[in-house]
Amino acid sequence: MKTAEIVSVGTELLMGQIADTNAQYIGQVFPELGIAHFYRQTVGDNLDRLTQSLKLALSRSDIVITIGGLGPTEDDITRDGIAAALDDPLIHDDQIAERLRKLFALRKFTWTESQNRQAQRPSCANPIDNPNGTASGLICQKNGKTIIAMPGPKGEFIPMVDGPVRHFLMELCGEEVLHSRLLRICGLGESVVEDRVRPLLNSTNPTIAPYAKPGEVHLRITARAANTELAEALIEPMETRIRSVLGDAIFGAGDTTLEYATLELLKARGLTVSVAESVTGGWIGQRMTSVPGASEVFKGGIISYTKEVKARELGVDPKLLDDPKIGPVSSEVAKQMAVGVRKAFDTDFGLSVTGNAGPTSDEGDKPVGLVYIGIAGPGRPTTEEFQFRGLREDIRYRAGQWALTALRRAILNLG
Ligand code: ATP
Ligand code: MG
């Protein structure tokens, strides 16, 4: 099995100004390709330190991936670092230069001499085409080792990984693949999910691993096989067994989001929904409308953050809102919000969320993290109480997740 190591280049990464999302992205690609990944480094824009890092990486890994530092400026030093670490001279590549000149003419950018830096490459390197930017990627092979250099901007990095680099790595390491499928679960805690699939957790090929996410649980089924099709064939019967114990708590697979799954369910049944949001501040509406075609089923919402708006726009009884024993964070108010928004928007479902996200408890003696979710639908309106933990953002996120989960459950319960 080949080993890979990432060297991320950039002082802004060290300073914590940006997160290394590119390393995270390619980190997920290695297991799919059956490449072992044991080390990862981050180094600033300094030629000596970069050279040292690359030498260290070459001493213990077959494949080194560098991220960033391929731009035209003086602090873009990755090309120089690779040349130094591989002891390979930098040469001027006429084809890269020609492509750059054309690109600049096309975009009517002024050509400066520093652009020529981007036409340099170690003599052993093959350029990787970059249709999304100026910096070419590089594949450098010398003494049985490989360095792949890619530009930092996400819009250039990700297409390069998913296209030519993935292809190259598959050819380089093509013995076995690791292929996986992610099942996404809502409405059940991690321990419940684990309990139900426990007899399957001993399986070695495919393996099953549960991951707890805020308001969701993910189950990853991973198979090792000679190719993707054979791996799929191992995954499929396992997925069937998992589905038989988790049923419709599985809302989707892969990248499917909870909002997408919920909207699809509404569409399939020809139902509409509106939302009355307090603690989530419009975030449920934002998520719903991020799904293309949402307007078929999502009519709109009201961000009823204050008591006044809850009463005026949703018809919540002011006496309940002012009652120190009940107040805005209560089951009664959640119910009236759901009923009110359903009526105001004339939808099949009205979904409401009210709660206290903290950091201080500003609703009398209601604890931070207390959230009520209300559903008004064709049957009697219902509410659910939750006590979430975490920071303000965690509480708001979980409130949104469980609201969507409650809506999904209510739709499924219609039969
Ligand atoms: P450019 O041609 O834009 O200078 P570059 O290849 O030299 O590209 P950098 O200068 O290192 O790359 O980074 C450019 C931008 O790309 C950064 O400001 C940042 O927004 C993004 N970026 C760089 N490295 C990473 C990373 N590891 N993860 C996510 N984003 C990154
Ligand atoms: Mg740069």
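One structure accompanies this document, and this report is about it. (Residues numbered from 1 in each chain as written. Chains lettered and ligands numbered in written order. Predicted model: local features only at pLDDT ≥ 70, side-chain atom pairs only at ≥ 80, totals over all residues. Heavy atoms only, no water.)

**As for the environment of Asp20**
Here is the rule: Numbering of helices and strands runs from the N terminus; a helix is a DSSP stretch of H or I covering at least four residues, while a strand is a stretch of E covering at least two. Exposure is judged per residue with a 1.4 Å probe applied to protein chains only, and the accessible area is read against the type maximum: over 50% gives exposed, under 20% gives buried, and values in between give partly exposed. Contact criterion: two residues are considered in contact whenever any of their non-hydrogen atoms come within 4.5 Å of each other. Here a polar contact is taken to be a pair of N or O atoms separated by no more than 3.5 Å, where protein atoms must pair a possible hydrogen donor with a possible acceptor and residues adjacent in sequence count only if both atoms sit in side chains.
Summarising the element assignment, Asp20 is placed in the loop between α1 (11–14) and α2 (21–33). Residue Asp20 is classed as buried on the basis of its relative accessible area, which comes to 16%. As for Asp20 and Ile67, which are separated by 47 residues in sequence, their C-alpha atoms are 9.4 Å apart. Discounting chain neighbours no more than four positions away, the residues touching Asp20 are Ser8, Leu13, Arg40, Thr42 and Ile67. Within the structure, the side chain of Asp20 is placed 3.0 Å from the backbone nitrogen of Ala23, a separation counted as a polar contact.

**Here we look at the side chain of Gln401**
Structurally, Gln401 is set in helix α14 (residues 392–413). In this structure the side chain of Gln401 is engaged in a polar contact, spanning 3.0 Å, whose partner is the side chain of Glu216. Residues in contact with Gln401, not counting those within four places in the same chain, are Pro214, Gly215, Glu216, Leu258 and Arg287.

**Remarks on the layout of surface pockets**
The line we're drawing: Only protein atoms enter the 1 Å grid used here. Points where a 1.4 Å probe fits but cannot escape make up a cavity, open sets with protein on both sides within 12 Å along at least five of seven lines make up a pocket, and a residue lines them when an atom lies within 4 Å of a point. Grid points are joined across faces, edges and corners, and a volume is the space filled by probe spheres set on the points.
A volume near 880 Å³ is recorded for the largest pocket. Listing elements by their share of the lining of the largest pocket, those giving two or more residues are α2, α6 (154–173), β9 (177–185), β10 (207–213) and β11 (216–225). Looking at the lining of the largest pocket, the element that brings in the most residues is β9, giving seven residues. By volume, the second largest pocket is sized at about 330 Å³. Residue lining of the second largest pocket: 20 residues in total, with Val9, Glu12, Ile18, Gly68 and Gly152 positioned closest to the centre. Listing elements by their share of the lining of the second largest pocket, those giving two or more residues are β1 (3–9), α1 and α2. Among the elements that make up the lining of the second largest pocket, the one with the highest residue count is α1 (three residues).

**Describing the nonpolar core**
Note the threshold: Side-chain atoms within 4.5 Å link the members of a nonpolar core, which is a set of buried Ala, Val, Leu, Ile, Met, Phe, Trp, Tyr and Cys residues.
By size, the foremost hydrophobic cluster in this structure holds 35 residues, and its most contacted members are Leu266, Phe349 and Leu407. Secondary structure elements with two or more residues in this core: α9 (258–269), β13 (273–277), α10 (283–289), β15 (349–355), β16 (370–376) and α14. The greatest single-element share of this core, amounting to nine residues, is contributed by α14. Ranked by size, the runner-up nonpolar core spans 22 residues in total, among them Ala4, Ile67, Ile128 and Met160.

**Concerning the state of the cysteines**
We apply this condition: The criterion for a disulfide is a pair of cysteine sulfur atoms lying within 2.5 Å.
In this structure the tally under the stated criterion is zero disulfides. Looking at Cys124, it has no disulfide partner, and the nearest cysteine sulfur is the one in Cys140, 4.9 Å off. Not part of a disulfide, Cys173 finds its nearest cysteine sulfur in Cys140, a span of 16 Å. Judged by its relative accessible area of 4%, Cys173 falls in the buried class.

**Structural notes on the pattern of salt bridges**
Test applied: Should a side-chain nitrogen of Lys or Arg be within 4 Å of a carboxyl oxygen of Asp or Glu, the pair is scored as a salt bridge.
What the rule picks out here adds up to 18 salt bridges. The partner of Arg117 in a salt bridge is Asp80, with the nearest N and O atoms 3.4 Å apart. Here Arg117 is found in the loop between α5 (94–107) and β5 (120–122), whereas its partner Asp80 is found in helix α4 (residues 78–86), with 37 residues between them in sequence. When its relative accessible area of 15% is taken as the criterion, Arg117 is described as buried. Overall, Asp80 belongs to the partly exposed group, its relative accessible area being 21%. A salt bridge links Arg99 to Asp129, with the nearest nitrogen and oxygen atoms 3.5 Å apart. On the criterion of sequence distance, the pair formed by Arg99 in helix α5 and Asp129 in the loop between β6 (125–128) and β7 (137–142) is long-range, its members being 30 residues apart.

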